[in-house]
Amino acid sequence: MKSGVGPDPMDRARFPADPWRLVETTYSPDDLGLTETLFAVANGYLGMRGTPEEGRPTYAHGTFINGFHETWPIRHAEAAYGFAETGQTIVNAPDAKVMKIYVDDEPLTFGTADLEAYERVLDFRDGVLRRNLIWRTPSGKRVAISSTRMVSMTQRHLAILTLEVTMLSGSAPVVISSQLLNRQDGKDEYHIPTAALGDRAVDPRKASAFPERVLVPKMSYANEERMLLGYQCHRSGMTVAVAADHRIETADPVETVQRADDDQAKVVFRVDATEGNTLRLQKVVAYHTSRGVPVRELADRCDRTLDRAARLGVPHFIEDQRRWYADFWTAADVEVEGGAAELTAVQQAIRFNLFSLAQASARTDGLGVPAKGVTGSGYEGHYFWDTEVYVVPFLCYTQPAIARNVLHARSVMLPAARKRAGQMAQQGALYPWRTINGEEASAYYAAGTAQVHIDADVVYALMKYAYATGDIGYLIREGVDILVETARMWADLGFWRHNGEPSFHIHGVTGPDEYTTVVNNNLFTNVMARYNLEQAVAALRRIRKDHPRDYTQVTGRLHVTQDEIEEWARCAAAMHIPYDEGLGIHPQDDSFLDREVWDLSSTPASLRPLLLHYHPLVIYRFQVLKQADVVLALFLQGERFTLAEKQADFEYYDPITTGDSTLSAVVQSIIAAEVGYHEVALRYFHDALYVDLGNLHGNTVDGMHIASTGGVWSALVYGFGGMRDHAAGLSFDPRLPESWTRLRFRVRWRGARLLVELTQDRIRFTCEDVAPETAGTVGAVTRASGATVTVRGAEYVVRPGAQLTVPLSDQGPRMGGQLGERPATGGTRPDGSTITATVPASIDPEDYELDHTHPAMVPSLGPEPPVKPATSGPVELP
């Protein structure tokens, strides 16, 4: 358990709190990578990092397209059958953001320029990045420069950039060089590799670098009408084309020059600018990609996109953008109120996280949601289980059409998942731990392929969508295939043990906690596998009962037998769920309690995160968690555990959970709120809220943590709002923080949009609208039926257009203060031994030097032998 970051870790002199905008009032070169990520604009398909139009200085240039990747052979030092063979890495697409400015032939370069005024603003209400500054040139002339950058939410292939330059004092020759530039292949225009691709330090969370050229030139041109670059990836064969049009407005004379080669296309505008006149430049850009369509065809698509944009005009798309975000916020906004001054900052941070979810998912259009969205190259641009567990629930209740698109990506991957299951000697389908194209891309199987819980995570998201929307049509056409094939995998992976009462066990797996790998009966895996099996059985029985013709087609298509369905039901009913009677907790796996406890309270902050300071084998020997595992199961399958069990498990695991993963704090906040640790819940919420805004994990430079942003919504709605949806219905048991006076959010349930308003003494529901009934929707809310909700066990009906107010006597159990940071030790294992705690010794490799007289490494720590730290031996902790 960490001490937390406090309510607001941001520099509010530089980044003032604003409920609807992220504002930067002062330029700083000290955190370029961070601000490039925070000020990125994206739509889920196309993303542009917040690098300056002038091209430098930067931490890492980045324009990313979801799914656009290069492949490479994974070379294992010691290969084995079934190891992943092909790596996949997102490619840095050609950069269209560059619009360099020269006044009197002097370039505007941040870091050295004399800026009299500076402001950069990312507005959550329209997704437009705006920058305004006044530059005093070396010759003493003052120039006002304003720019905007927008990636369209309504036209996924379109980006619009504008630039305005006004000579405030004096006249001068002004040059604007608008460019398309290939930065992927190792160097920027100044031949600085790190500026093109960023730091490539040894960190498994960062993307790999390629040893050879990635983008093979296929087409390039620049003329008075348009400029274009087109490429094909060397190995994957994917293709990309990017084209741009310009429109310049000025009262002064303009000369235009065009140039193009394999890696750069540019249009240069030379203007004799006079004092007081404003030069306005619009740059409209189109990006198109394909898994193999020739670049010539993509160039034609770019032409169509740009021609349409020219016909409709930039104002049309700006207005479209405003309307899209207005609709988004109507459905997705979460509002908090209270007397605390910092709540304005909290409101800003909440909306920034929700805005980031929109930018990561809105136009995925059948693709997955990468762990970093399209704001950076971290995690290679891969899709993980994060999407299903942390992002899809938000989409189901606020943007169900987008949720369905994201789930469709898993349907498309199902053939590859079937193939992967075969490689792993399993029936059914096994989804890859990390992927872009559907193939497994994790080279480290212990913390990758062994996380077979991803099958159940996909089913969890699928059923979350099915229950929230009632979309039985989707379940019949696509969802049931996933349910059947994943159930087959679990029934085949597990095995029966008979010791009086038969039980079903799953061995050799890894749960969400990557600090504990390849274990038997991981609780999270077993609990989620049980759910997967149960839902497959329930869905097939429901389809057989209500849609017999579809059932015949489904069973014929998937070759499902009644005996097979009954076997899944038996496996689920007999699933082994680890529980230790002596300690009164659920062990994370069969052997977890056999390990010694890692005393995090005595571990220096300099050794965090553990994965960057200790060999994995060192970590695996201890009871220590990278992220919530059992506690996550308590949330996702909360109806299967009592409140007392949740409290006991939370109290045991919290002190040994490092929080080295950004996925942990949100879950710990939700369970802390539920069991009554309200101060702990709020502290963990703040930890999650500022993961990226505060760069709390030190790697926001590589892109946003999208799953964490989804978790922020969950912490608000499930944690403080107390919403649950376990039994295919909506229930509420609120836990509003003491310092908050109101929490407002909306959820869409079976076609109805419910406004939920929570205060300290009541919860109020308003059914704001009801969508028209559609075929294939089960249990839809109608104007006649209303929406049924449960509040602390009592059932109510919310009628369309009406309000329902339920008084609350309290906000659930309350336990003041923070949990202790020291782990629970002194307990007795089943074999009679006592659980103890320790911290493994860690010596900086720089403290060693090679002894050329001996083949081994010897410590160069001075004349005295190294002393093992006092905390490295067993320590009994109260």
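Predicted model, so just to flag it, every value in this text is computed and none were measured.

**A word on the overall build of the chain**
Step number 1: On a plain count of helices and strands, the chain comes out with 19 helices and 34 strands.
Step number 2: Taking 878 residues into account, the globule formula puts the C-alpha radius of gyration at 29 Å, and the chain, at 28 Å, falls close to it.
Step number 3: Judged by the C-alpha coordinates and their principal axes, the chain covers about 90 × 85 × 60 Å.
Step number 4: Residues counted as buried form 60% of the 878 residues belonging to the chain.
Step number 5: A total accessible area of about 32,100 Å² is found for the chain, and carbon and sulfur atoms account for 50% of it.
Step number 6: For the chain, the centre of its 86 positive side-chain charges and the centre of its 111 negative side-chain charges are spaced 6 Å apart.

**Some points on the pairing of strand β19 (residues 334-337)**
Step number 1: Here β19 shows one buried face, formed by Val334 and Val336, and one open face, formed by Glu335 and Glu337.
Step number 2: Strand direction decides the pairing type here: β19 and strand β26 (residues 742-749), joined by four bridges, are antiparallel. Within β26, the residue paired with valine 336 across the bridge is leucine 743.

**A look at the packing of helix α18 (residues 678-689) against helix α19 (residues 706-720)**
Step number 1: Put simply, α18 and α19 touch, their axes get as near as 9 Å, and they point 155° apart. Considering their axes alone, α18 and α19 lie roughly antiparallel with respect to each other. Crossing handedness for the pair α18 and α19: left-handed. Contacts between α18 and α19 involve Ala681, Leu682, Phe685, Ala688 and Leu689 from the former and Ser708, Val712, Ala715, Leu716 and Phe720 from the latter.
Step number 2: Residue classes in the contact of α18 with α19 are distributed as nine nonpolar, one polar and no charged.

**Side note on the sheet that holds strand β6 (residues 99-103)**
Each strand in a sheet pairs with its neighbour through backbone hydrogen bonds, running either in the same direction (parallel) or in the opposite one (antiparallel).
Step number 1: Strand order in this open sheet of five strands is β7-β6-β12-β17-β16, and the pairing throughout is antiparallel. Each having just a single partner strand, β7 (106-107) and β16 (254-261) make up the two edges of the open sheet.
Step number 2: Across two bridges, β6 lies against β7 in antiparallel orientation. Bridge pairing in β7 places valine 103 opposite glutamate 106.

**Digging into helix α9 (residues 454-469)**
Step number 1: Compared with an ideal rise of 1.5 Å per residue, which puts 16 residues at 22 Å, α9 spans 23 Å between its outermost C-alpha atoms and is within 8% of the ideal.
Step number 2: Backbone geometry just after α9 places glycine 470 at a positive phi near 70°.

**Examining the confidence of the model for the chain**
Step number 1: On average, the chain scores 92 in pLDDT, and the residues at 70 or more come to 91%.
Step number 2: Within the model, pLDDT remains below 50 along residues 848-878, and this stretch shows 43 contacts once partners closer than five positions in the same chain are excluded.

**Here we look at the pairing of strand β9 (residues 128-136)**
Step number 1: Across nine bridges, strand β8 (residues 114-123) lies against β9 in antiparallel orientation. Within β9, the residue paired with tyrosine 118 across the bridge is leucine 133.
Step number 2: Joining the antiparallel neighbours β8 and β9 is a turn of four residues, in which glycine 127 adopts a positive phi near 70°.
Step number 3: Summarising the sheet, β9 and strand β10 (residues 142-151) pair through nine bridges and their orientation is antiparallel. By the bridge assignment for β10, arginine 136 is matched with arginine 142.

**Thoughts on the pattern of salt bridges**
Step number 1: The tally for this structure, following the rule as stated, stands at 60 salt bridges.
Step number 2: One salt bridge connects aspartate 18 with arginine 21, and the closest N-O pair in it is separated by 3.1 Å.
Step number 3: The buried category is assigned to aspartate 18, whose relative accessible area is 16%.
Step number 4: With a relative accessible area of 25%, arginine 21 lands in the partly exposed category.
Step number 5: When the shortest N-O distance is used, the salt bridge between aspartate 333 and arginine 351 registers 3.0 Å.

**A few points about the nonpolar core**
Step number 1: Core analysis: the largest hydrophobic core is formed by 231 residues, its most contacted members being Trp568, Phe685 and Trp740.
Step number 2: Setting aside chain neighbours within four positions, we find tryptophan 568 in contact with Val484, Ala487, Arg488, Ala491, Leu533, Ala536, Val537, Leu540 and Val560.
Step number 3: Leu158, Val284, Val295 and Leu298 belong to the second largest nonpolar core, which has 18 residues in total.

**Side note on the sheet that holds strand β5 (residues 86-92)**
Step number 1: Strand order across the open sheet formed by four strands is β2-β3-β4-β5, with antiparallel pairing between neighbours. Edge positions in the sheet fall to β2 (41-42) and β5, since each of these pairs with one other strand and no more.
Step number 2: As paired strands, strand β3 (residues 46-48) and strand β4 (residues 63-73) are joined by three bridges and run antiparallel to one another. Each residue of the ladder has a partner; that of methionine 48, found in β4, is threonine 63.

**Quick word on the packing of helix α11 (residues 523-546) against helix α12 (residues 548-558)**
The relative placement of two packed helices comes down to the angle between their axes together with the axis-to-axis distance.
Step number 1: Relative orientation of the contacting elements α11 and α12 amounts to 135°, with a least axis distance of 5 Å. With respect to each other, α11 and α12 are oriented oblique. In contact with Leu540, Ile543, Arg544, Lys545 and Asp546 of α11, α12 contributes Pro548, Asp550, Tyr551 and Val554.

Rules used in this analysis
- Residues numbered from 1 in each chain as written.
- Predicted model: local features only at pLDDT ≥ 70, side-chain atom pairs only at ≥ 80, totals over all residues.
- Heavy atoms only, no water.
- Helix = DSSP H or I, 4+ residues; strand = E, 2+ residues; numbered from the N terminus.
- Rg over C-alpha atoms; globule rule 2.2 N^0.38 Å.
- Buried < 20%, exposed > 50% of the residue type's maximum accessible area, 1.4 Å probe, protein only.
- Areas by Shrake-Rupley, 256 points an atom, 1.4 Å probe, with all protein chains shown as cover.
- Lys, Arg positive; Asp, Glu negative; His and termini not counted.
- Charge placed at Lys NZ, Arg CZ, Asp CG, Glu CD.
- Pairing = 2+ DSSP bridges.
- Axes fitted to C-alpha atoms, helices over the stretch in contact; angles between N-to-C directions.
- Parallel < 35°, antiparallel > 145°, perpendicular 65-115°, else oblique.
- Left-handed = near helix turned anticlockwise from the far one by under 90°.
- Contact = heavy atoms within 4.5 Å.
- Nonpolar A, V, L, I, M, F, W, Y, C, P; charged D, E, K, R; others polar.
- Expected span 1.5 Å × (residues − 1).
- pLDDT = per-residue confidence, 0-100.
- Salt bridge = Lys/Arg side-chain N within 4 Å of Asp/Glu carboxyl O.
- Core = buried A, V, L, I, M, F, W, Y, C linked by side-chain atoms within 4.5 Å.

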